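Working through the structure, step by step
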Amino acid sequence: KKKVIIDVDTGIDDAMALSYAVHSPDLEVCGVTTTFGNISVEEATRNTLQVLELVGATDIPVYQGAFKPLVRELKEKAKLFHGENGLGNIMLPLPTSAPQAISAAQYLVSAIKAQPNEITLVTVGSMTNLALAIMAAPEIVSLVKRVVVMGGAVAVPGNRTPVAEANICADPEAAAYVFQSGISLTLVGLDVTMQTLLTREHLQQWRERDTKVSRFFADICDVYMDAYAKVGNVRGCGLHDPLAVGVVIDPTFVTAVPMHVQVDTSGSASDARTIGDRRKHPEFPPNVDVCVEVDHDRFVQHFLEFVM
Ligand code: BDR
Ligand code: CA
C-alpha cells in the first residue's frame, strides 16, 4: 500500500477525497492535517473529524494546522460553494474525538523523517502547513516521496479570480515558497479537475443506495452542484480534491508535463496565478510536473467504485 498524508480544508470535495482515500485498497492514510481555505482551520478540523467518524475511520489521527496565511490576512470563506459550515450546511453529529496535541507542520516533519521516501503528501487546501514544515526542517524536501497538490490553473481560467485557483489564492506566498523549494511536486490543477465531473445522475445513484454515508454525500454534493450551476457549470461539479488522491492511486489517470512554474505574489490582478513555462530554458529548469490531460471517464469510474 502507498502511504499518504492528506492536508485538507474540509470542504465538500475534501470530504469526498478523504472518503475515497480511506476506502481505496491501494492507500494507507497515515494521518490527516488540516488548514484554512474553504473555512477556518478550526472548522476544517471539526469537519474532518466528523467525516472520518461518518466513514468509520476513527483510527486515523488528525493534526490541526495553520490558522492564517504566512504573510497575509485570512480571506473570506468559500460560502457560495461549501456553505457556512464547509459541508453545504448539512449537519453531522459533533465529533467525539479531538485532534492530536502536535501541530500539522510538526507532524509532517516527524512522519516524513521517520519514513524516508515512503510518504506521499497530498495537499488539497492552502499550502501553508507544508511551507511551515519545510521552513522548520528543510531536509524533508529530499525525504518525502512526492507531493501531489490540488491547486493552480496553468492553461485554463481560475475559479477564485479570473486567473487564480482557490487553494493558491488562500496563501500565495506559501505556494510560491513550496514551488521553489526543490521538493518533488505534481500539480493537479483546474486544467484537469474541471474535466472530472460528478453529475446529478451520480447523486441519484447515491440516493438510491440509501446508506447513511451515501445520503450524506448526495446531500452535500447537491449544494455543491447548485453553486457550480450558478457560476455557469451546469453539467456537474469538479472532483478537484478526489482527483489529487486518484493521481496517487494511479498516476496513469493523468498525463503530466514537467514545467517551470512560478506563483504570482504581486498582489495585482494576476495575483496567485500559476505561471507554467513550457519552454526548455536552461535558466528555468522544471520544478513541477503539471497535469495537462486526464482520462476522465476511467478516473470517475474508479472514484465511484471506492468513494464509499
Ligand atoms: C479547490 O478549492 C477548494 O474550494 C476545493 O476544496 C478544492 O480544494 C478547488 O479550486
Ligand atoms: Ca480543498
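Residues numbered from 1 in each chain as written. Chains lettered and ligands numbered in written order. Predicted model: local features only at pLDDT ≥ 70, side-chain atom pairs only at ≥ 80, totals over all residues. Heavy atoms only, no water.

The subject of this paragraph is the state of the cysteines. Any covalent bond linking the sulfur atoms of two cysteines counts as a disulfide. Taken as a whole, this structure holds zero disulfides when the rule is applied. Counting only cysteine sulfurs, cysteine 291 is the nearest neighbor of cysteine 169, a cysteine outside any disulfide, at a range of 20 Å. Here cysteine 169 falls in the buried class, since its relative accessible area comes to 4%. Looking at the unpaired cysteine 221, the closest cysteine sulfur is the one in cysteine 237, lying at 5.2 Å. (Disulfide = S-S within 2.5 Å. Buried < 20%, exposed > 50% of the residue type's maximum accessible area, 1.4 Å probe, protein only.)

Before going further, it helps to spend a moment on the pattern of salt bridges. Enumeration according to the criterion identifies 16 salt bridges in this entry. In this structure, the salt-bridge partner of arginine 72 is glutamate 173, at a minimum N-O distance of 3.0 Å. One end of the pair, arginine 72, is in the loop between strand S3 (62-64) and helix H3 (79-82); the other, glutamate 173, is in helix H8 (residues 172-179), with 101 residues separating them in the sequence. Notably, a salt bridge pairs arginine 207 with aspartate 219, separated by 2.9 Å at the nearest N-O pair. Of the two residues, arginine 207 is situated in helix H10 (residues 200-209) and aspartate 219 in helix H11 (residues 212-230); the sequence distance between them amounts to 12 residues. Several salt bridges share partner residues, and in doing so they unite Arg200, Arg207, Asp219, Asp222 and Asp226 into one network. (Salt bridge = Lys/Arg side-chain N within 4 Å of Asp/Glu carboxyl O. Helix = DSSP H or I, 4+ residues; strand = E, 2+ residues; numbered from the N terminus.)

The protein atoms donating to the calcium ion (ligand 2) are Asp9 (OD), Asp14 (OD), Asp14 (OD), Val124 (O) and Asp241 (OD), with metal-donor distances spanning 2.3 to 2.7 Å. Expressed as a motif, the donor residue spacing for the calcium ion (ligand 2) is D-x4-D-x109-V-x116-D. In this pair, aspartate 14 is assigned in helix H1 (residues 12-23) and aspartate 241 in helix H12 (residues 240-249), connecting sequence segments 227 residues apart. (Donors = N, O, S within 2.8 Å, 3.2 Å for Na, K, Ca; no water.)

Right, let's talk about the sheet that holds strand S1 (residues 2-8) for a bit. Sheets are built from strands paired through backbone hydrogen bonds, the pairs being either parallel or antiparallel. Taken in spatial order, the nine strands line up as S3-S2-S1-S4-S5-S6-S11-S9-S10 in an open sheet, and their pairing is mixed. Each edge of the open sheet carries a strand with a single partner, namely S3 and strand S10 (274-277). In this sheet, adjacent strand axes meet at a mean angle of 30° when their direction is disregarded. The pairing of S1 with strand S4 (residues 119-123) spans five bridges and is parallel. Note on S4: the bridge partner recorded for valine 4 is threonine 120. (Pairing = 2+ DSSP bridges. Axes fitted to C-alpha atoms, helices over the stretch in contact; angles between N-to-C directions.)

Attention now goes to the side chain of histidine 202. Its location among the elements puts histidine 202 in helix H10. Among the polar contacts made by the side chain of histidine 202, one reaches the main-chain amide nitrogen of threonine 199 at a distance of 2.9 Å. Discounting residues that sit within four places of it in the chain, histidine 202 has contacts with Leu197, Val300 and Leu304. (Polar contact = N/O pair within 3.5 Å; in protein donor to acceptor, adjacent residues only side chain to side chain. Contact = heavy atoms within 4.5 Å.)

As a further point, take the site of ligand 1. Around ligand 1, the structure places Asp13, Asp14, Asn38, His82, Val124, Met150, Asn159, Glu165, Ala166, Asn167, His240 and Asp241. A distance of 3.1 Å separates an oxygen atom of ligand 1 from a polar atom in the side chain of histidine 82. Of all the elements in the fold, those that place two or more residues in the shell around ligand 1 are H1, helix H7 (166-170) and H12. For the shell around ligand 1, the class distribution of residues is three nonpolar, five polar and four charged. (Near = heavy atom within 4 Å. Nonpolar A, V, L, I, M, F, W, Y, C, P; charged D, E, K, R; others polar.)

With that out of the way, let us pick up the packing of aromatic side chains. For any pair of aromatic rings, geometry is given as the distance between the ring centres together with the angle between the planes. What the rule picks out here adds up to 10 aromatic pairs. Pairing tyrosine 20 with phenylalanine 299 gives two aromatic rings, centres 6.1 Å apart and planes at 70°, and the pair type is edge-to-face. Of this pair, tyrosine 20 sits in helix H1 while phenylalanine 299 sits in helix H13 (residues 296-306), placing them 279 residues apart in sequence. The exposure class of tyrosine 20 is buried, given its relative accessible area of 0%. Overall, the relative accessible area of 0% leaves phenylalanine 299 in the buried class. Put simply, the rings of Tyr20, Phe253, Phe299 and Phe303 touch in pairs and so form one group of aromatic residues. (Phe/Tyr/Trp six-rings, centres within 6.5 Å; stacked < 30°, edge-to-face > 60°.)

Turning to its location among the elements, histidine 302 is positioned in helix H13. With relative accessibility at 17%, the residue histidine 302 sits in the buried group. Once residues within four sequence positions are removed from consideration, histidine 302 is found in contact with Tyr20, Ile249 and Phe253.

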